[in-house]
Amino acid sequence: MRAVSTPPTSSDAAPARRDAEATKAAILKSARFLLTRHAHTDITLKDVAERAGVSPPLILKYFGNKDTLFARVMSFEADAEELLDAPLPDLGRHMVRHVLESQSERGVDPLLRIAFAPLHGELGDTLRANFRTQVTEQLADRLTGPDAGLRAELAVGTLLGLGAMYGVARGPHLRASAIDDIVDRYAPLVQAQLTPPAR
């Protein structure tokens, strides 16, 4: 008797889709990590693949080539969407928590790669332009009151300092503290720039 094949069900296909998304996320995380430590021109697909635990052909399958991969890594669009996803009165707390939880739980910082723009020559200009339009200008557009652009840059600069101390300098007191405690102490510094000054 001939065996009859059955088409895959949606539940059969779901794990494959989840695996593909997890693999893409691992590749992006690897590329982002390397971009904050090496010049773009010095990073090979083999370097990215080894750190992500995948093969270089798999990177080509998902991203096409190195330039396409790093164009994704140099974009802040998705990071900014998550970073700014809170009502303005609560945004300072949200932003501080997001930076800390991104580093502690996912091993990535949504903003910190901008600090390494000088490593990347002309691509550093792309990184800076993306950061301005996708992060600071997006934030400034949400602010009311005078000097919105300046206040947005100061708020983001405050977050970058926290990210650098937590993730790069790895301050032992900071990393030993509960995230809630850090948020309580640090969020008012960020929120002070987001709130228009009293007249």
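The text that follows walks through the structure, step by step, so that each part is easy to find. Please read all numbers here as calculations on a predicted model, not as lab measurements. Starting from 1, residues in each chain are numbered consecutively following that chain's sequence as written. Under the rules for a predicted model, residues below a pLDDT of 70 receive no local features and side-chain atom pairs below 80 are neither given nor counted, while totals for whole chains, interfaces and linings still include all residues. To obtain the side-chain values, all non-hydrogen atoms of the structure were used and water was disregarded.

### Brief notes about the environment of aspartate 85
Secondary structure elements follow DSSP: runs of H or I of four or more residues count as helices, runs of E of two or more count as strands, with numbering from the N terminus. If you trace the backbone, aspartate 85 turns up in the loop between α5 (77-83) and α6 (91-106). Partly exposed residues are those whose accessible area sits between 20% and 50% of the maximum for their type, while under 20% is buried and over 50% is exposed, using a 1.4 Å probe and protein chains only. Aspartate 85 sits in the exposed class, given a relative accessible area of 57%. With 51 residues separating them along the chain, aspartate 85 and leucine 34 place their C-alpha atoms 27 Å apart.

### Quick notes on the layout of surface pockets
Empty space among the atoms becomes apparent when a probe as large as a water molecule is rolled across them. For each structure, a 1 Å grid was placed over the protein atoms alone; sets of points admitting a 1.4 Å probe that cannot get out are labelled cavities, open sets with protein on both sides within 12 Å along at least five of seven lines are labelled pockets, and lining residues have an atom within 4 Å of a point. Grid points are joined across faces, edges and corners, and a volume is the space filled by probe spheres set on the points. Roughly 490 Å³ of volume is contained in the largest pocket. If you trace the largest pocket, you find 16 residues lining it, with Leu28, Arg32, Ala78, Asp79 and Val108 closest to the centre. Looking at the lining of the largest pocket, the elements with two or more residues in it are α1 (10-35), α4 (66-73), α5 and α6. No other element matches α1, which puts 4 residues into the lining of the largest pocket.

### Description of the environment of leucine 69
With respect to the helices, strands and loops of the structure, leucine 69 is situated in helix α4. Expressed as a C-alpha distance, the spacing of leucine 69 and alanine 176, which sit 107 residues apart in the sequence, is 34 Å. Those residues within four positions of leucine 69 in sequence are excluded, and the remaining contacts are Ile27, Leu28, Ala31, Leu45, Val48, Ile59 and Phe63. Pairs of residues are marked as contacts when any of their non-hydrogen atoms sit within 4.5 Å.

### Some points on the pattern of salt bridges
Any carboxyl oxygen of Asp or Glu that lies within 4 Å of a side-chain nitrogen of Lys or Arg is treated as forming a salt bridge with it. Here the structure, examined in full by the defined rule, presents 9 salt bridges. Between aspartate 184 and arginine 93 there is a salt bridge, with the nearest N and O atoms lying 3.0 Å from each other. Of this pair, aspartate 184 sits in helix α10 (residues 179-194) while arginine 93 sits in helix α6, and the two are 91 residues apart along the sequence. The class of aspartate 184 is partly exposed, set by a relative accessible area of 46%. By sharing partners, the salt bridges in this structure join Arg32, Asp79 and Arg113 into a single network.

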